[in-house]
Amino acid sequence: MFKYLKNDLPASVVVFFVALPLCLGIALASGAPPFTGLIAGIIGGIVVGALSGSQIGVSGPAAGLAAIVLVAIETLGYESFLVAVVLGGIIQIAFGLLKAGIIGYYFPSSVIKGMLTGIGIIIILKQIPYFFGIDKDPEGDFAFLQIDGENTFTEILNALNAILSGSFSTGATVIALISMAILILWSSVLSKKAKIFELVQGPLVAVVIGILFYTLTKDSSLFITNDHLVAVPVPDGFDSFIGQFSTPNFSAITNPAIWVTAFTIALVASLETLLCVEATDKLDPEKRVTPTNRELLAQGTGNVISGLIGGLPITQVIVRSSANIQSGGKTKMAAIIHGFLLLGSVIAIPTLLNLIPKSVLAAILFIVGYKLAKPATFKAMWKAGWMQFVPFIVTIVGIVFIDLLWGIGLGLAVGIVVVLYKSYKNSHFLNKEDISNGSQKMKMTLAEEVTFFNKGAILKELDNLPENSYLELDVRKTRFLDNDIIEILEDFALKAKSRNINIKLISERGIVENPPSYIEFFKLRPKTA
C-alpha cells in the first residue's frame, strides 16, 4: 500500500479538493446539515477505502441518493433517518454475503461508457454558474430538475443573462480563468518537464493561488464575496465540534417507513456502487478487477458507521474515482489519505478552507468532466456501430435530462432491445440458390442456440418461401432448440405440403426427407438439442 505513495499522495490531494465541495453540496441538496456530508466523505475514504478491494475507487456521499434522502429526512426526521442508514448498511452486508455483487457485470459496456460520458457532461454543465460566481444550487445537486424549480439549462441561461447584464462576480470569473490556465498548462506542459510538477499537482497550485487571490483583492473591484467561497462549518471549540455529530433514534426502528427507506437506500446505493466499480475498472490503466461482493461488504460497513455517527449514506462515486485515476493514483492509499485530509482539515483548518473560491473548484471539476466526456469517446462509439452507439447516447441523454439512475435504466432497456434484435437476426442463416428447372433451393442453417426470441425471424423466413421450392434445414450446429421453434416447424410441415415445398432435415443423426413429426423427431434427440 505504501509502494506508490509518491503517486497516491498527490492524487489524494486532488481528490480532497474535488470531494470537499461535493460533500457539502450533496448534504445541502439532501436537506441535511453540511457537516453530515463531510462525515460520509471521511468514512467513505478511511473505512470503506481500507475495507474495499478496489485500488482506485473513492467512496463518499452520492448525488444519486440526494432525492431519496431529502424525502426521508422530511418524513422521518434526521435521527430516525439515521436508523434507516444503519439498517441499509446491514442489508448491503447481507447482499455481499449472498454474492449479489455479480449483478454489476450484467450491464453492457456501451451503457457504462455512456454513464461515464454523461456524468462528465453533467459535471461541466453544473459548474458553469459556479465558474462565473453565480452560486444558487448546491454543487452536489446533479439532477436535471433543481431544488428551486430551475433546471440545468435554465441555470446556464441565467448565468449567461447575468454575464450580459454585468451582474456576475468578476473576481470569481477571473480566478476561475487563471485556475483553468494553470490546470491546462500543468497537465499538458509542465508535468512533462520535471518530476516536481508530477509530485505537486496542478489543482493544489490552483487552490493556493485562489486563496492568495481572494486575500490580496479584498479592497479591489475583484473582491470575492463570502457567498462565492467554500462554507465548511467552523466549530467554536471541542464541544461545538462534537455537537455536530448525531446518533440514531433506535426507538423508531419499528416504524415500517424506516424499513422501506432502508431497503431503498441499500438497493440504490448497491446498484450505484456496482456500476461505479464497473466504470472505474474500465478507467483503471492497469485493468484490475474489483471483487464486487467484497465491495458491497465494505460499503455496508461504511454505511453502518456513517449512520451511527450522523453521516449521510455512502456509495462509490465516479467523480472522485475518476479524479483519482486522472491524477495518477495507484492504490487504495489515495482514497484513505483523502479521508484523513477531510478529517484533519475540518478539525484544524476550517477557516483556511473557507477562503477557497468555489469558482476555482469549478475549474478543477471542468477538467475532470472533460476527461470523462472527451469527443474521442463519441467518435469511437460511432465507429463501433449503431448497436453500441444507440444505448450509449440514450444513457447520456437520460443522465443529462433526468438523473443518473434513470439514464442507466433507459440505456439498459435499449441495450436489451438491441440484444433481442441481434438474437432475432442471428437465429439462422438462409442461403438461396436457383435450380435449372426454375424452382428454388433454400438452405437454412440454425444457430447454436435458438429460443422463443427467434420465433418472429424464423416464421417470417418460412412464410416467405415460394411454392414448389426445396428447403434444406441444417440443425447440426444447434445445441439448444426451444420448444416454440419446434412447434413452428411442426406447423410449417403442414403448410409445406399444401404449397408443394419439400423439406430435407439434416442433423447429427442423419438426413430425413419431409419428417412426419418434428416434435417426435426432436424428442428422440439428445437433451442438449
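Please refer to the structure higher up on the page.
Remember, predicted model here, so these are calculated numbers, not experimental data.

Conventions used here
Residues numbered from 1 in each chain as written. Predicted model: local features only at pLDDT ≥ 70, side-chain atom pairs only at ≥ 80, totals over all residues. Heavy atoms only, no water. Helix = DSSP H or I, 4+ residues; strand = E, 2+ residues; numbered from the N terminus. Buried < 20%, exposed > 50% of the residue type's maximum accessible area, 1.4 Å probe, protein only. Contact = heavy atoms within 4.5 Å. Areas by Shrake-Rupley, 256 points an atom, 1.4 Å probe, with all protein chains shown as cover. Salt bridge = Lys/Arg side-chain N within 4 Å of Asp/Glu carboxyl O. Axes fitted to C-alpha atoms, helices over the stretch in contact; angles between N-to-C directions. Parallel < 35°, antiparallel > 145°, perpendicular 65-115°, else oblique. Left-handed = near helix turned anticlockwise from the far one by under 90°. Nonpolar A, V, L, I, M, F, W, Y, C, P; charged D, E, K, R; others polar. Core = buried A, V, L, I, M, F, W, Y, C linked by side-chain atoms within 4.5 Å. Phe/Tyr/Trp six-rings, centres within 6.5 Å; stacked < 30°, edge-to-face > 60°. Expected span 1.5 Å × (residues − 1). Pairing = 2+ DSSP bridges.

Q: In this structure, what is going on with the overall build of the protein chain? I would like to understand it.
A: Regarding its fold elements, the protein chain presents 22 helices and 9 strands. By principal-axis analysis of the C-alpha atoms, the protein chain measures approximately 100 × 55 × 50 Å. The 529 residues of the protein chain split such that 54% are buried. Considering only contacts within the protein chain whose residues lie at least 6 apart along the sequence, 79% involve residues at least 24 apart. With an accessible surface of roughly 23,200 Å², the protein chain has 65% of that area assigned to carbon and sulfur atoms.

Q: How should I be thinking about the pattern of salt bridges in this particular structure?
A: Pairs can form between side chains of opposite charge whenever their charged atoms are close. Tallying each qualifying case throughout the model produces 9 salt bridges. We note a salt bridge from Glu472 to Lys443, for which the minimum N-O separation is 3.8 Å. Here Glu472 is found in strand β6 (residues 470-474), whereas its partner Lys443 is found in strand β4 (residues 440-446), with 29 residues between them in sequence. With relative accessibility at 9%, the residue Glu472 sits in the buried group. Looking at Lys443, the relative accessible area reads 29%, which means it is partly exposed. Notably, a salt bridge pairs Asp474 with Arg476, separated by 2.7 Å at the nearest N-O pair. Three or more residues are tied together by salt bridges with common partners; here these are Asp284, Glu286, Arg288 and Lys330.

Q: Which parts of the structure should I look at to understand the packing of helix α17 (residues 375-383) against helix α18 (residues 386-401)?
A: Describing two packed helices takes the angle between their axes plus the distance from one axis to the other. Orientation of α17 relative to α18, taken along the N-to-C sense of each, is 140°, at an axis distance of 7 Å. Taken together, the axes of α17 and α18 lie oblique to each other. The crossing of α17 and α18 is left-handed. When α17 is examined against α18, the residues Thr377, Phe378, Met381 and Trp382 are found in contact with a partner set consisting of Gln388, Phe389, Phe392, Ile393 and Ile396. Of the residues belonging to the contact of α17 with α18, the class tally is 7 nonpolar, 2 polar and no charged.

Q: Explanation requested: the nonpolar core in the structure shown.
A: What tends to happen in soluble globular proteins is that the nonpolar side chains get buried as a cluster. Of all hydrophobic cores here, the largest spans 103 residues; its most connected members are Leu20, Leu38, Phe81, Leu312 and Val319. When residues no more than four places from it in sequence are discounted, the contact partners of Leu20 are Leu38, Val230, Val232, Leu342 and Leu353. In terms of nonpolar packing, the next biggest core, distinct from the first, is built from 25 residues, Val450, Leu462, Val475 and Ala493 among them.

Q: Quick question: what am I supposed to make of unusual backbone geometry here?
A: Where the residue is not glycine, phi is negative for most of them; where a peptide bond is considered, it is trans in most cases. In this structure, Lys287 takes a positive phi of about 50° despite not being glycine. With respect to the element layout, Lys287 can be found in the loop between α11 (256-283) and α12 (292-308). A relative accessible area of 54% places Lys287 in the exposed class. In the Ramachandran plot, Asn514 falls in the positive-phi region, its phi being about 45° despite a non-glycine side chain. Along the polypeptide, Asn514 turns up in the loop between β9 (510-513) and α22 (518-523). Look at Asn514 and you get partly exposed, because its relative accessible area is 37%.

Q: What should I look at first to understand the packing of aromatic side chains in this one?
A: Think of a pair of aromatic rings as described by two things: how far the centres are apart, and how the planes are tilted against each other in angle. Taken as a whole and judged by the stated rule, the model has 15 aromatic pairs. Taking the centre distance of 5.2 Å and the plane angle of 85° together, the rings of Phe35 and Phe245 count as edge-to-face. Here the residue Phe35 occupies a position in helix α2 (residues 34-51), and Phe245 occupies one in the loop between α10 (238-242) and α11, the gap between them amounting to 210 residues. Residue classification places Phe245 among the partly exposed positions, given a relative accessible area of 30%. In textbook terms, an aromatic cluster arises when at least three aromatic residues are bridged by ring pairs, as seen for Phe378, Trp382, Phe389 and Phe392.

Q: When you look at helix α21 (residues 483-498) in this model, what are you seeing that I'm missing?
A: Note on helix geometry: an α-helix contains 3.6 residues per turn, so any two residues three or four positions apart are oriented the same way. Here α21 spans 24 Å end to end across 16 residues, near enough to the 22 Å set by a 1.5 Å rise per residue. Those residues of α21 lying buried are Ile485, Ile486, Ile488, Leu489, Phe492, Ala493 and Ala496. Asn500 sits one or two positions beyond α21 and adopts a positive phi of about 55°.

Q: What should I look at first to understand the pairing of β6 in this one?
A: Among the 5 residues in β6, 4 count as buried, and that is most of the element. Note: β4 against β6, 5 bridges, orientation parallel. When the sheet's bridge partners are listed, Thr445 is paired in β6 with Asp474. Summarising the sheet, β6 and strand β8 (residues 502-507) pair through 5 bridges and their orientation is parallel. Across the sheet, residue Asp474 finds its bridge partner in β8, namely Ile506.

Q: When you look at the environment of Gly120 in this model, what are you seeing that I'm missing?
A: Here Gly120 lies in helix α5 (residues 109-131). Note on Gly120: relative accessible area 0%, which makes it buried. As for Gly120 and Phe366, which are separated by 246 residues in sequence, their C-alpha atoms are 8.5 Å apart. The residues touching Gly120, leaving out its near neighbours within four places in the chain, are Gly369, Leu372 and Ala373.

Q: Looking at this structure, I do not really get the pairing of β8. What am I missing?
A: If a strand is regular, its side chains alternate between the two faces of the sheet. Extensive coverage of β8 is indicated by the burial of 5 of its 6 residues. Where β8 folds back on β9, the antiparallel hairpin that results is connected by 2 residues.

Q: It is not clear to me how the packing of α11 against helix α13 (residues 318-326) should be interpreted in this structure. Could you clarify?
A: Where α11 meets α13, the closest approach of the two axes is 10 Å, and the angle between their N-to-C directions is 15°. Taken together, the axes of α11 and α13 lie roughly parallel to each other. Our pair here, α11 against α13, has a crossing hand that is right-handed. The residues of α13 that touch α11, namely those facing Cys276, Ala279, Thr280 and Leu283, are Ile318, Ser321, Ser322 and Ile325. Of the residues in the contact of α11 with α13, the class split is 5 nonpolar, 3 polar and no charged.

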